[in-house]
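Notes for the structure review
Chain by chain, the residues:
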Amino acid sequence: GCEHSIIRISYPFGNPESEKDFARKTLKLVQNGYPLFSDQQFSPTYIPDLAKAIQKVIEGGLSGTFHIARTPITTPLEFGKYLVEKMRLNLEVKSGSLKDFMIGRTPKPLFGGLVPSQGFNVKSWKEAVEESVVGLK
């Protein structure tokens, strides 16, 4: 019976100063020659979107569960290729399989991704990558 707000995010990026930034981590994997998964799906959260969503929830006194992510659902491989392309880097982006990587490890979901809540998502993850690559250079 209490009012609450839950904001769910996944694979946050847009803060290149942070070691935890998904775009930064992806770029580091590519630079080190690691493959990116072609069989895992996710929807990344752009940090500026998160900030706006938090502000909207607080100022609007909204309650409920909100998914803050970009569309459409993508793969780490597609995300990495687009990131490298937009940064104009001459790097090979290798393809790998999460299924192969998980052998003997704790299972991870292949088909993830958040469906953004109404009123919180306005652009694609590709547009967010284009906005954020400046900070990664």
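Structure first, text after, so check above.
In this report, the structure presented in the accompanying data block is examined.

What counts, and where the lines are drawn
- Residues numbered from 1 in each chain as written.
- Predicted model: local features only at pLDDT ≥ 70, side-chain atom pairs only at ≥ 80, totals over all residues.
- Heavy atoms only, no water.
- 1 Å grid on protein atoms, 1.4 Å probe; cavity = no way out; pocket = protein on both sides within 12 Å on 5 of 7 lines; lining within 4 Å.
- Points joined across faces, edges and corners; volume = space filled by probe spheres on them.
- Nonpolar A, V, L, I, M, F, W, Y, C, P; charged D, E, K, R; others polar.
- Patch = residues over 30% accessible without salt bridge, like charges linked within 9 Å, V, L, I, M, F, W, Y side chains within 5 Å.
- Areas by Shrake-Rupley, 256 points an atom, 1.4 Å probe, with all protein chains shown as cover.
- Salt bridge = Lys/Arg side-chain N within 4 Å of Asp/Glu carboxyl O.
- Lys, Arg positive; Asp, Glu negative; His and termini not counted.
- Charge placed at Lys NZ, Arg CZ, Asp CG, Glu CD.
- Helix = DSSP H or I, 4+ residues; strand = E, 2+ residues; numbered from the N terminus.
- Buried < 20%, exposed > 50% of the residue type's maximum accessible area, 1.4 Å probe, protein only.
- Phe/Tyr/Trp six-rings, centres within 6.5 Å; stacked < 30°, edge-to-face > 60°.
- Axes fitted to C-alpha atoms, helices over the stretch in contact; angles between N-to-C directions.
- Parallel < 35°, antiparallel > 145°, perpendicular 65-115°, else oblique.
- Contact = heavy atoms within 4.5 Å.
- Polar contact = N/O pair within 3.5 Å; in protein donor to acceptor, adjacent residues only side chain to side chain.

**Topic: the layout of surface pockets**
Using a probe with the size of a water molecule, rolled over the atoms, empty space left in the structure can be pinpointed. Each pocket or cavity is described by its volume, and for the largest pocket that value is around 390 Å³. In this structure, the largest pocket is lined by 17 residues; those nearest its centre are L29, P35, F37, Q40 and F101. For the lining of the largest pocket, the residue count by class is 11 nonpolar, 4 polar and 2 charged.

**Quick look at a positive patch on the surface**
On the surface, K20, K25, R105 and K108 cluster together into a patch of positive charge. Tracing the backbone shows R105 in the loop between α4 (98–101) and α5 (125–136). Since its relative accessible area comes to 48%, R105 is described here as partly exposed.

**Some words on the packing of aromatic side chains**
If you walk through the whole model with that rule in mind, you get 10 aromatic pairs. Ring centres of F13 and Y46 lie 5.3 Å apart, and the angle between their planes is 40°; this geometry places the pair in the tilted category. One end of the pair, F13, is in strand β2 (residues 12–13); the other, Y46, is in strand β4 (residues 45–46), and 33 residues separate them in sequence. Note on Y46: relative accessible area 6%, which makes it buried.

**A closer look at the packing of helix α1 (residues 22–31) against helix α3 (residues 76–86)**
Their axes nearest at 10 Å, the elements α1 and α3 cross at an angle of 85°. Of the possible angle classes, the one that applies to α1 and α3 is roughly perpendicular. Note on element contacts: α3 touches α1 through F79, G80, L83 and V84, opposite F22, A23, T26, L27 and V30. Among the residues making up the contact of α1 with α3, the classes are represented as 7 nonpolar, 2 polar and no charged.

**A few points about the pattern of salt bridges**
Two side chains with opposite charge may pair up if their charged atoms get near one another. Under the defined criterion, the tally for this structure stands at 4 salt bridges. The partner of K86 in a salt bridge is E130, and the shortest N-O contact between them spans 4.0 Å. Highlighted residues: K86 in helix α3 and E130 in helix α5, separated in sequence by 44 residues. What makes K86 partly exposed here is its relative accessible area of 29%. Take E130: its relative accessible area is 38%, and that puts it in the partly exposed class. Ionic pairing is found between K123 and E131, a salt bridge with its closest N-O pair at 2.9 Å.

**Brief notes about the environment of Y11**
Along the polypeptide, Y11 turns up in the loop between β1 (5–8) and β2. Looking at Y11, the relative accessible area reads 32%, which means it is partly exposed. Taking the C-alpha atoms as reference points, Y11 and A69, 58 residues apart in sequence, are found 8.8 Å from one another. Here Q40 takes part through its side chain, which lies 3.3 Å from a polar atom of the side chain of Y11.

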